[in-house]
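Architecture at a glance
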Amino acid sequence: MSAPLLACDNVGRRFGGFVALEGVTTAFAANKVTAVIGPNGAGKSTFFNVLSGVIAPTSGTVRFRGRDLAGTPQHRFAHLGISRSYQITNIFPELTAHENVRVAAQAFRSRYDILTRRARLTELDERAATALEAVGLAARGGATAKFLAHGEQRALEIAIALVADPALLLLDEPTAGMGPEETRGMVALIERLARERTILLVEHKMKMILGLSDRILVLHHGRLIADGTPAEIQADAEVRRVYLGQNDGYA
Ligand code: ADP
Ligand code: MG
């Protein structure tokens, strides 16, 4: 792999005496889709939280573009190029789709703003429109968020994460609660976004993961037990034993 975008060296996270993540060493190349799978409690969300700066690792090193992220406050992550969408909705229901994205753009810009007020408002509107267009919601900007369909709300969450134009986008269960049609729409969206950025996602829908991912990581009891292409993961005996064999979505 040429210089990876993100590299983890022996990363671990404890909560008191409980080890939620241990000895994770891996790296992510630019413009690839990697899925993180594993049984409930395996440490997937903990791993995402560490990679997006929500919590610090208690051991090991995470480097982004070669830079050690230790001590970096969470609000700096978006400026470095790391954004995430949340499994639990992050949307203001009474605002329009456009307003939701503009609020996020404003929060992102506020610390470094040197523009005049008028130029800033124009810039924020443009940034919001670009993010909405990227997720296929250009025509829905005026709709009140609470009236959007579930799949549109999930796309809006991604638009909010895109205002920072991240090189690395983390998606925690982007198709949760979606039926087959909305799931297909989300897969197409992720494939489009992956042309220009690196995507990490936590997902449970195995068919979708196998079709979409360049690579799959498998966590079990906080440890990385497999790391390979979809074909390698499907053929891995231990992965089948701890995860695939008991996953209803696997076919
Ligand atoms: P997954 O997302 O794979 O289901 P998590 O990363 O959420 O798993 O959790 C991994 C383990 O760490 C679980 O046993 C969970 O109870 C524990 N854990 C996660 N966050 C905390 C926390 N803030 N405090 C204590 N234990 C936690
Ligand atoms: Mg989780």
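The rules behind these values
- Within any chain, residue numbers begin from 1 and follow the written order of that chain's sequence.
- Note on labels: chains are lettered from A, ligands numbered from 1, in written order.
- Where local features are concerned, this predicted model is filtered to residues with pLDDT of at least 70; where side-chain atom pairs are given and counted, the filter is 80 or more; whole-chain, interface and lining totals use all residues.
- Based on all heavy atoms of the structure, the side-chain values leave hydrogens and waters out of the count.
- Only the stretch in contact is used when a helix axis is fitted, and all axes are lines through C-alpha atoms; the angle between N-to-C directions ranges over 0 to 180 degrees.
- Per the convention used, a helix needs a DSSP run of H or I reaching at least four residues, while a strand needs a run of E reaching at least two, with both numbered from the N terminus.
- We call two directions roughly parallel when the angle between them is under 35 degrees, roughly antiparallel when it is over 145, roughly perpendicular when it lies between 65 and 115, and oblique otherwise.
- Two helices that cross are described as forming a left-handed crossing if the nearer one is turned anticlockwise from the farther one by less than a right angle, and a right-handed crossing if clockwise.
- We call two residues in contact whenever any of their non-hydrogen atoms come within 4.5 Å of each other.
- Gly falls in the polar group here, along with every residue not listed as nonpolar (Ala, Val, Leu, Ile, Met, Phe, Trp, Tyr, Cys, Pro) or charged (Asp, Glu, Lys, Arg).
- Strands were regarded as paired on the criterion that DSSP finds at least two bridges between them.
- Basic side-chain nitrogens of Lys or Arg form a salt bridge, by our definition, when they fall within 4 Å of a carboxyl oxygen of Asp or Glu.
- A 1.4 Å probe rolled over the protein chains alone gives each residue an accessible area, and that area as a share of the maximum for its type sets the label: buried under 20%, exposed over 50%, partly exposed in between.

To describe two helices that pack against each other, one gives the angle between their axes and the distance between the axes. Contact pair helix 3 (residues 97–109) / helix 4 (residues 117–134): the axes reach a minimum separation of 8 Å and the direction vectors enclose 120°. It follows from the interaxial angle that helix 3 and helix 4 lie oblique. Once helix 3 is placed against helix 4, the crossing between them reads as right-handed. Residues Ala97, His98, Val101, Arg102, Ala105, Gln106, Phe108 and Arg109 of helix 3 form the contact with helix 4, whose own contacting residues are Glu123, Leu124, Asp125, Arg127, Ala128, Ala129, Ala131 and Leu132. Grouping the amino acids of the contact of helix 3 with helix 4 by side-chain chemistry returns nine nonpolar, two polar and five charged.

Moving on, we get to the sheet that holds strand 4 (residues 59–64). Strand pairing in a sheet relies on backbone hydrogen bonds. The paired strands run either parallel or antiparallel. Pairing in this open sheet of four strands is antiparallel, and the strands run 2-1-4-5 from one edge to the other. Of all strands in the sheet, those with a lone pairing partner are strand 2 (18–28) and strand 5 (67–68), marking the two edges. Pairing geometry for strand 4 and strand 5, over two bridges, is antiparallel. Bridging across to strand 5, arginine 63 finds its partner in aspartate 68.

A full pass over the atoms with the stated rule returns 10 salt bridges. Between aspartate 165 and arginine 197 there is a salt bridge; the shortest N-O distance is 3.1 Å. Within this pair, whereas aspartate 165 is found in the loop between helix 5 (150–162) and strand 7 (168–172), its partner arginine 197 is found in the loop between helix 6 (180–193) and strand 8 (198–202), the two being separated by 32 residues in sequence. Look at aspartate 165 and you get exposed, because its relative accessible area is 54%. Of the charged contacts in the structure, one is a salt bridge between aspartate 227 and arginine 215, with a shortest N-O distance of 2.8 Å. With aspartate 227 in strand 10 (residues 223–228) and arginine 215 in strand 9 (residues 215–220), this pair connects stretches of sequence that are 12 residues apart. Judged by relative accessible area, aspartate 227 falls into the partly exposed class, the value being 36%.

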